[in-house]
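Inside the fold
Residues per chain are reported as follows:
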Amino acid sequence: MSQNLTFSTAISGHTSNDIELRGIPLTELIAEANFVSTLFLSLTGRKPNEAEEKVLNALLVAAIDHGIEPASGFVPRVVASSGNSVLTCMATSLLALGPYHGGAITGAMEVLKTVDDYSEDKEVAATWIVKKYRAEHRRIPGFGHPIYKKKDPRTQQLFSLAREAGMSLDYMNLALQIEHTLEEETLKKLVINIDGAMAALLLTMGFDVLSGNALFGVARAAGSIAHIIEEQNSGDWVRRLSPGDVTYTPESFD
Ligand SMILES: CC(C)(COP(=O)(O)OP(=O)(O)OC[C@H]1O[C@@H](n2cnc3c(N)ncnc32)[C@H](O)[C@@H]1OP(=O)(O)O)[C@@H](O)C(=O)NCCC(=O)NCCS
């Protein structure tokens, strides 16, 4: 069997003197750029303008932490209490993300793109997608939250920042239209959550849909580091549930 281990990449490479990212010497970026603008460059192949840099930064800040309660918060702390390395614990923060928690951005980006392509009339398009998902008993990614039932404060702040920065409103308005139609159809307020907000703004800036969940992971894994260190410095080793928190229901074989 032949093996093909040759790669071709437009992202990065190095000479004997420097490393290049998207054609720009890393030494130049080290001197002039910040992490957010470099991440933007790495993912899109171009430098962000001022508004884009501000909004991507805000998205990463918004996703960095949500306390210990969600899985990406408590799983790494429990794993840390078993004495694992910080890197292992960070990886579990990523593994705890999924379609119902922090991993709905890529799906929400796909939905927004599909709805955008469906019709120029956003009301018609939003009604179509809401009815379709309801008929299939599926949840629209990027909407609804276990705590925020009237509004997700992060979405409000991100959208107002993007508006103030002069960004295109198209995807934000589309998400707001879906939120409105969902409420009309289900009689429940299913807010645009952080995943939905990130989806609208990442599409506005031209990011690939596959980068959506990954960018949430970048922020949340970074945010987990302080929790892991705090946990390991706390001396509370080997955390476990209390017996009263677990109900044992063995099957009867009579
Ligand atoms: C995030 C989520 C798990 C929160 O759930 P919750 O507030 O605990 O709400 P529930 O799971 O109890 O759902 C309540 C009702 O609203 C419906 N619902 C919730 N989110 C919905 C969505 N995005 N689209 C359509 N219906 C939705 C549920 O089907 C349920 O209906 P029912 O009462 O007829 O069964 C849920 O809204 C969801 O799955 N959203 C989509 C995935 C997502 O965006 N994840 C990222 C979260 S930050």
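Every value quoted in this text rests on a predicted model; they were computed, and no experiment measured them.

Cut-offs used in this document
Residues numbered from 1 in each chain as written. Predicted model: local features only at pLDDT ≥ 70, side-chain atom pairs only at ≥ 80, totals over all residues. Helix = DSSP H or I, 4+ residues; strand = E, 2+ residues; numbered from the N terminus. Contact = placed C-beta atoms within 7 Å. Core = buried A, V, L, I, M, F, W, Y, C linked by C-beta atoms within 7 Å. Buried ≥ 20, exposed ≤ 12 C-beta atoms within 10 Å, placed from the backbone. Near = placed C-beta within 6 Å. Nonpolar A, V, L, I, M, F, W, Y, C, P; charged D, E, K, R; others polar. Domains from an automatic or database assignment. Axes fitted to C-alpha atoms, helices over the stretch in contact; angles between N-to-C directions. Parallel < 35°, antiparallel > 145°, perpendicular 65-115°, else oblique. Left-handed = near helix turned anticlockwise from the far one by under 90°.

1. Topic: the overall build of the protein
- Summing up its helical and strand segments, the protein has 11 helices and 3 strands in all.
- Listing every helix and strand of the protein by position from the N terminus yields β-β-β-α-α-α-α-α-α-α-α-α-α-α.
- Over its C-alpha atoms, taken along the principal directions, the protein stretches across nearly 70 × 50 × 50 Å.
- Long-range pairs, those at least 24 residues apart, make up 71% of the contacts in the protein with a sequence separation of at least 6.

2. Focus: the nonpolar core
- Counting 55 residues, the largest nonpolar core has L59, L112, I178, M198, A199, A200 and L201 as the members making the most contacts within it.
- If near-sequence neighbours (up to four positions away) are discounted, M198 is found in contact with L59, A63, I105, G212, L215 and F216.

3. Considerations on the site of the ligand
- In the vicinity of the ligand there are 18 residues, among which A104, R139, F143, G144 and N193 approach most closely.
- Its residues assigned to classes, the shell around the ligand comprises 9 nonpolar, 6 polar and 3 charged.

4. A closer look at the domain arrangement of the protein
- What the domain assignment lists for the protein is domain 1 (17–48) and domain 2 (105–204).
- For domain 1 versus domain 2, the distance between C-alpha centres works out to 32 Å.

5. Some remarks on the packing of helix 5 (residues 86–95) against helix 11 (residues 211–234)
- The N-to-C vectors of helix 5 and helix 11 enclose an angle of 135 degrees; their axes lie 9 Å apart at closest approach. If you check the angle between helix 5 and helix 11, you find them oblique. In the crossing of helix 5 with helix 11, the sense of the turn from one axis to the other is right-handed. Contacts between helix 5 and helix 11 involve V86, C89, M90, S93 and L94 on the former and, on the latter, G217, R220, A221, S224, I225, I228 and I229.
- A class-by-class count of the residues in the contact of helix 5 with helix 11 yields 8 nonpolar, 3 polar and 1 charged.

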